[in-house]
Amino acid sequence: MRTSLLRCAFAGLLGVGIAAFGAGGAFGFSEEELDQSGLIDPNEIPSVHNTLYRVPEGVVGWDTLADMDVTTEVIAPLQARFHIDYSAKIKALDGRDVKLMGFIYPLEGGLEHERFLLTAWPPSCPFCLPAGPSQMVEVFCAEPIAYSEGAIVIAGTFELLHDDPSGMYYRMHEAKLVERHDDIRWTGQLPQQPQAPQ
């Protein structure tokens, strides 16, 4: 009986040692440079929205909002901070009235929304964000906007965010609906050519 207890204790210590060794390997991996980590460089992600619709003249495009440098600082295992260096074009939009085109991603249930995310790509899952932070804008409306599966154009005051705890890069205040494009929506497949608002 005593021999079996010693074997169990030895096996337990061996298991703890193996787990500690494995954790050491994971720790080393998490501190690798981004370019050596195997993670996708955000600049390599295609502008998928350009295959679905064309942004009209006078509307700030998502390609403009994606023009930035993002550096990653690893602060602990599986923890990182992202530092954003916005382009001069984006910095020029801060505090100005702009128009944006995209899709409503509701943050609450309801037919009308005073606060939502405007995204470059239409939402297809209630549990997944359809885009990364450079292709989303948190919107606060002057008056509620009715939900639509189609694209919308809104106008409001644009704000750049710096180290926002939500992870968002952009916000729009006092937004108002300019146009609806119910014909520009996700149908399950990409059109032969990007749809132009009419």
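Please refer to the structure higher up on the page.
Here the structure is a predicted model, which means the values were calculated and not measured.

Enquirer: Would you explain the pattern of salt bridges in this entry?
Expert: Close approach of charged atoms allows side chains with opposite charge to pair. Within the structure shown, the criterion is met by five salt bridges. Across the pair Lys 91 and Asp 85 runs a salt bridge whose closest N-O atoms are separated by 3.9 Å. Judged by its relative accessible area of 47%, Lys 91 is partly exposed. With its nearest N and O atoms 3.2 Å apart, the salt bridge here joins Arg 185 to Glu 149. With Arg 185 in the segment after β7 (170-181) and Glu 149 in the loop between β5 (136-146) and β6 (151-160), the pair connects residues that are 36 residues apart, well separated along the chain.

Enquirer: Where do I start with unusual backbone geometry in this structure?
Expert: Both trends apply: most residues other than glycine have a negative phi, and most peptide bonds are in trans. At Leu 78, a residue that is not glycine, the phi angle is positive and equals roughly 60 degrees. The backbone of Asp 163 sits at a positive phi, close to 55 degrees, despite the residue not being glycine. Among the secondary structure elements, Asp 163 is positioned in the loop between β6 and β7. Classification of Asp 163 as exposed rests on a relative accessible area of 65%.

Enquirer: Just to check I follow, could you spell out the environment of Ala 155 for this structure?
Expert: Inspection of the secondary structure puts Ala 155 in strand β6. Counting along the chain gives 18 residues from Ala 155 to His 173, while the straight-line C-alpha distance between them is 9.0 Å. In this structure, Ala 155 is in contact with Val 98, Lys 99, Met 172, Glu 174, Ala 175, Lys 176 and Val 178, ignoring residues within four places of it in sequence.

Enquirer: I would appreciate a short explanation of the nonpolar core in the present structure.
Expert: If you look at soluble globular proteins, the nonpolar side chains tend to sit buried side by side. Counting 34 residues, the largest nonpolar core has Leu 65, Leu 100, Val 137, Val 139, Ile 154, Phe 158 and Tyr 170 as its most contacted members. Contributions of two or more residues to this core are made by α2 (62-65), α3 (88-93), β3 (97-106), β4 (112-119), β5, β6 and β7. Element by element, the count of residues in this core is highest for β6, at six residues. Discounting residues that sit within four places of it in the chain, Phe 158 has contacts with Leu 65, Leu 93, Asp 94, Gly 95, Arg 96, Val 98, Leu 100, Val 137, Tyr 170 and Arg 171.

Enquirer: Would you mind showing me how to read the environment of Gln 135 here?
Expert: Here Gln 135 lies in the loop between β4 and β5. When its relative accessible area of 16% is taken as the criterion, Gln 135 is described as buried. Sequence separation between Gln 135 and Trp 121 is 14 residues, and the spatial gap between their C-alpha atoms is 8.0 Å.

Enquirer: What should I look at first to understand the packing of aromatic side chains in this one?
Expert: One pair of aromatic rings is described through two measures. These are the centre distance and the angle between the planes. Under the criterion given, the structure shown has four aromatic pairs. Judged by centre distance (5.2 Å) and plane angle (35 degrees), the rings of Phe 158 and Tyr 170 are tilted. Here the residue Phe 158 occupies a position in strand β6, and Tyr 170 occupies one in strand β7, the gap between them amounting to twelve residues. Phe 158 sits in the buried class, given a relative accessible area of 1%. The exposure class of Tyr 170 is buried, given its relative accessible area of 0%. One aromatic cluster in this structure is built from Tyr 86, Phe 158, Tyr 169 and Tyr 170.

Enquirer: What exactly am I supposed to notice about the side chain of Ser 134 here?
Expert: Relative to the assigned elements, Ser 134 resides in the loop between β4 and β5. Residue Ser 134 is classed as buried on the basis of its relative accessible area of 18%. When sequence neighbours within four positions are dropped, the list of residues in contact with Ser 134 reads Trp 62, Leu 65, Ala 66, Met 68, Tyr 169 and Tyr 170.

Enquirer: When you look at the sheet that holds β4 in this model, what are you seeing that I'm missing?
Expert: Each strand in a sheet pairs with its neighbour through backbone hydrogen bonds, running either in the same direction (parallel) or in the opposite one (antiparallel). Taken in spatial order, the five strands of this closed barrel run β3-β4-β5-β7-β6, and their pairing is mixed. Ignoring which end each strand starts from, the neighbouring axes of this sheet average 50 degrees apart. Judged from the seven bridges that link them, β4 and β5 form a sheet pairing that is antiparallel. Bridged to Leu 118 within β5 is Val 137.

About the criteria used
Residues numbered from 1 in each chain as written. Predicted model: local features only at pLDDT ≥ 70, side-chain atom pairs only at ≥ 80, totals over all residues. Heavy atoms only, no water. Salt bridge = Lys/Arg side-chain N within 4 Å of Asp/Glu carboxyl O. Buried < 20%, exposed > 50% of the residue type's maximum accessible area, 1.4 Å probe, protein only. Helix = DSSP H or I, 4+ residues; strand = E, 2+ residues; numbered from the N terminus. Contact = heavy atoms within 4.5 Å. Core = buried A, V, L, I, M, F, W, Y, C linked by side-chain atoms within 4.5 Å. Phe/Tyr/Trp six-rings, centres within 6.5 Å; stacked < 30°, edge-to-face > 60°. Pairing = 2+ DSSP bridges. Axes fitted to C-alpha atoms, helices over the stretch in contact; angles between N-to-C directions.

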